[in-house]
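# Structure assessment
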Amino acid sequence: MMYIRQRKEIKTIEVSEDFPAQKENVKLESKLPSGCAYRRFWKILSFAIGGTVALGIGLLTSVYLATLHENDLWFSNIKEVEREISFRTECGLYYSYYKQMLQAPTLRQGFHGLIYDNKTESMRTINLLQRMNIYQEVFLGTLYRALPIQKYLEPVYFYIYTLFGLQAVYVIALYITSWLLSGTWLSGLLAALWYVTNRIDTTRVEFTIPLRENWALPFFAIQIAAITYFLRPNLQSLSERLTLLAIFISTFLFSLAWQFNQFMMLMQALVLFILDSLDLLPAAKVTWLYSIQITGLLLVCILQFFNSMILGSLLISFNLSVLIARKLQKNLKAGAFLTRIGKLLLHLFLVSCLTLFLNSIIKKVLNLKSDEHIFKFLKAKFGFGATRDFDANLYLCEEAFGLLPFNTFQRLSETLLFYAYVFVLSITAITALVVVFHNLSDSTSSQPVGKMRMCTVDLKPETAYNLIHTILFGFLALSTMRMKYLWTSHMCVFASFGLCSPEIWESLLKLVHLYNPKRTCVVRYSVPILILLYLCYKSWPGMMDELSELKEFYDPDTVELMNWINTNTPRKAVFAGSMQLLAGVKLCTGRTLTNHPHYEDSSLRERTQAVYQIYAKRSPEEVHALLRSFGTDFVILEDSICYERRHRRGCRLRDLLDVANGHVMDGPGENDPDLKPADHPRFCEEIKRNLPSYVAHFTRVFQNKTFHVYKLSRNK
């Protein structure tokens, strides 16, 4: 009901951008003191109300998501071990370092334990601050110890409330971006409401709280908002400098929080490259943005103790190549249409070759293999040859790394978001094509970027940036479902901006010969208001049902396992098992692991494949030797993996291991002709028969309906 009351005030707080066709009227009005004061008053009032609405909708979103998390798990009532188990897979691993910082006797010892860690990977000391993006856990752990809140707020709540608070920042940043693009805060309100009503496809924070993306995406949204403002023409010097500072800080924090930062910023660099090449952005501003990306990433590299994966990233190679190529081709934006097309193709070829050359040199010098699994995955995913590589197939078989399902568009259409997005995207893309053709056809290249003197259409630099941004990230989301959250949130911004944009409605009304300024203003506000009313009518009952639905966390088998480990195994015991389960073992018990879910290390990937032979067709002697080579004392077998049915044949973990080992897969179906029957039965099945050859090496010490724990003998 609150939204309806706010919308009734919209007509009295309109702040629209000046129309190019009304410049003379504006000049006349500016001469009148009363008119100028009147406009200034409404501008200040609009800013105050719009800012208040932004803050309110951000806080409401944060409370809404936190309430859903509480209602889904009954988080306030369950035991501490159950709370920790609820942080599934890698989430539990990241949270364990926050817990480690709190349990350390002093902050100095906490830092030392992270820099010289020998419990995350057995028989190996690693620098966690170099390997993983966990500075946020370090910061929160330090802050919690420093603040006088220990008596009033449990550590776990301090952690999750911080993440839900960042969601408020995220929504406010989306709101501001849409407001900047359209000129009215009504657009921001629509973007925020679309984000909330499409929650299933815009965020997953309420059930994967510690994931790196939930830390990073709010800062990415702030960066996009700052870039949108920075690209406005005729900014004052102070405003430009402050905006550049905001871009740098948000870029740095985004890069520090997520290991996939370089790939997201590479997409962003491609956006800048396309726009710069097509003369849609000022070259000087593009250079600033390239430099900020490089500087921010190098600063993160320093903080991560010169992480080689950052130094060998494609982003640094690409940005350097673009800057070098621009120096070599100084007259890139001069000449007739065909000449400029030829220069652009040559520029693209030069940048591509330089990028590949620089990247290969850097990787060869650094002997970098940390990200090779990603390129193997991409090569197989896009049809450049089949692969039997275990790591690549592990990604290929996960639904999150598959194509975006069609039902995503069905859900987005129910809130009218997808229809509005396609409508705005089509009109803006057509406008961009006209402007690009005009830019390339003008041999003088003397007109200001984004402003057409001889052309009847106009594309602002900030609009052009967000257009190419949403297109490229749309392709990324379509190809990889896990990346849809980067696209769908920006989809809310872009669609809401277009529906409130005076330029879009002006173009449409002129096309059907119905244009006049008043009609444009009426349509510009009435359409989003009607959509807001529709969203409230359609979504309010469902949201109330969600908030009233009370569930409870229930995983007795995992709780029993963790309690058994805590009470029946030595503190220094080493555990082997699946990556996902071992992350929980580390968090709940503090025991040493053989492997874990943070997969961005080549030696860890080799170790994980070796440990996973417990689900392959290998002899007990081979499995025992492999596990003991990592210092394993206990191994945990999971029936859900050994007898997996979730994936189709060929994508079950046991199938991936069989193919990698050159063995025929189980069950009916085709096999590659060179695969051969294994000499031994499947280890995880055969060990349960307690045959002498298995009992000699493995003793079962714990069992329930889900897990089987075996202690390894120390004999050779």
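In short, a report on the structure. (Residues numbered from 1 in each chain as written. Predicted model: local features only at pLDDT ≥ 70, side-chain atom pairs only at ≥ 80, totals over all residues. Heavy atoms only, no water.)

## Notes on the overall build of the protein
Helices and strands together make up the secondary structure of the protein, namely 34 helices and 5 strands. Over its C-alpha atoms the protein spans a radius of gyration of 28 Å, differing by no more than 12% from the 27 Å that the globule rule assigns to 716 residues. Along the first, second and third principal axes, the C-alpha set of the protein runs to 95 × 60 × 55 Å. Each of the 716 residues in the protein was classed as buried or not, and the buried ones make up 55%. Of all intrachain contacts in the protein linking residues separated by at least 6 positions in sequence, the fraction that spans at least 24 positions is 72%. Of the roughly 32100 Å² of accessible surface on the protein, a fraction of 64% belongs to carbon and sulfur atoms. (Helix = DSSP H or I, 4+ residues; strand = E, 2+ residues; numbered from the N terminus. Rg over C-alpha atoms; globule rule 2.2 N^0.38 Å. Buried < 20%, exposed > 50% of the residue type's maximum accessible area, 1.4 Å probe, protein only. Contact = heavy atoms within 4.5 Å. Areas by Shrake-Rupley, 256 points an atom, 1.4 Å probe, with all protein chains shown as cover.)

## A word on the sheet that holds strand S3 (residues 634-638)
Taking strand neighbours across the sheet as the criterion, the 5 strands line up as S2-S1-S3-S5-S4 in an open arrangement whose pairing is mixed. Two strands lie at the open edges of the sheet, namely strand S2 (592-593) and strand S4 (698-703), each paired on one side alone. Relative to S4, helix H30 (residues 620-628) is tilted by about 75 degrees, and along the sheet it contacts strand S1 (574-576), S3, S4 and strand S5 (707-712). (Pairing = 2+ DSSP bridges. Axes fitted to C-alpha atoms, helices over the stretch in contact; angles between N-to-C directions.)

## A short note on the pattern of salt bridges
Within the structure shown, the criterion is met by 32 salt bridges. The partner of Lys617 in a salt bridge is Asp666, and the shortest N-O contact between them spans 2.9 Å. Note that Lys617 is positioned in the loop between helix H29 (602-611) and H30 and Asp666 in the loop between helix H32 (653-660) and helix H33 (683-686), a separation of 49 residues in sequence. (Salt bridge = Lys/Arg side-chain N within 4 Å of Asp/Glu carboxyl O.)

## Thoughts on the state of the cysteines
Counted by the stated rule, this structure contains 2 disulfides. Between the sulfur atoms of Cys397 and its disulfide partner Cys651 the distance amounts to 2.1 Å. Classification of the bridge connecting Cys397 and Cys651 rests on its S-S torsion, roughly -75 degrees, and on that basis the disulfide is left-handed. Separated by 254 residues along the polypeptide, Cys397 in the loop between helix H20 (390-396) and helix H21 (407-414) and Cys651 in the loop between helix H31 (639-642) and H32 bring together distant segments of the chain. Here Cys397 matches Cys651 in class, with each residue buried. Disulfide pairing is shown between Cys642 and Cys684; the S-S distance is 2.0 Å. Residues Cys642 and Cys684 are joined through a disulfide that is right-handed, its torsion about the S-S bond being 80 degrees. Here Cys642 is found in helix H31, whereas its partner Cys684 is found in helix H33, with 42 residues between them in sequence. (Disulfide = S-S within 2.5 Å.)

## Brief notes about the pairing of S4
Bridge count between S4 and S5: 5 bridges; the pairing is antiparallel. Residue pairing in the sheet places Gln703 in a bridge with His708 of S5. Counting the residues that bridge the hairpin from S4 to S5 gives 3 residues.

## Some points on the packing of helix H14 (residues 261-277) against helix H17 (residues 314-328)
Running from amino to carboxyl end, H14 crosses H17 at an angle of 20 degrees, the nearest separation of the two axes being 9 Å. As far as their axial angle goes, H17 and H14 are roughly parallel. The element H14 and its partner H17 pack so that their crossing is left-handed. For the pair formed by H14 and H17, the contact residues are Gln262, Met265, Leu266, Ala269, Leu270, Phe273 and Asp276 on the first element and Leu314, Leu315, Phe318, Asn319, Val322 and Arg326 on the second. (Parallel < 35°, antiparallel > 145°, perpendicular 65-115°, else oblique. Left-handed = near helix turned anticlockwise from the far one by under 90°.)

## Notes on unusual backbone geometry
The backbone of Thr89 sits at a positive phi, close to 45 degrees, despite the residue not being glycine. Position of Thr89 relative to the elements: it lies in the loop between helix H4 (80-85) and helix H5 (90-103). If you check the backbone angles, Phe306 has positive phi at about 60 degrees while not being a glycine. Considering the arrangement of structural elements, one finds Phe306 in the loop between helix H15 (283-303) and helix H16 (308-311).

## Brief notes about the pairing of S5
For S5, the tally of buried residues reaches 5 of 6 residues, placing the bulk of the element in the interior. The pairing of S3 with S5 spans 5 bridges and is classified as antiparallel. For Ile636, the partnering residue across the bridge sits in S5 and is Val709.

These figures capture arrangement, not role.
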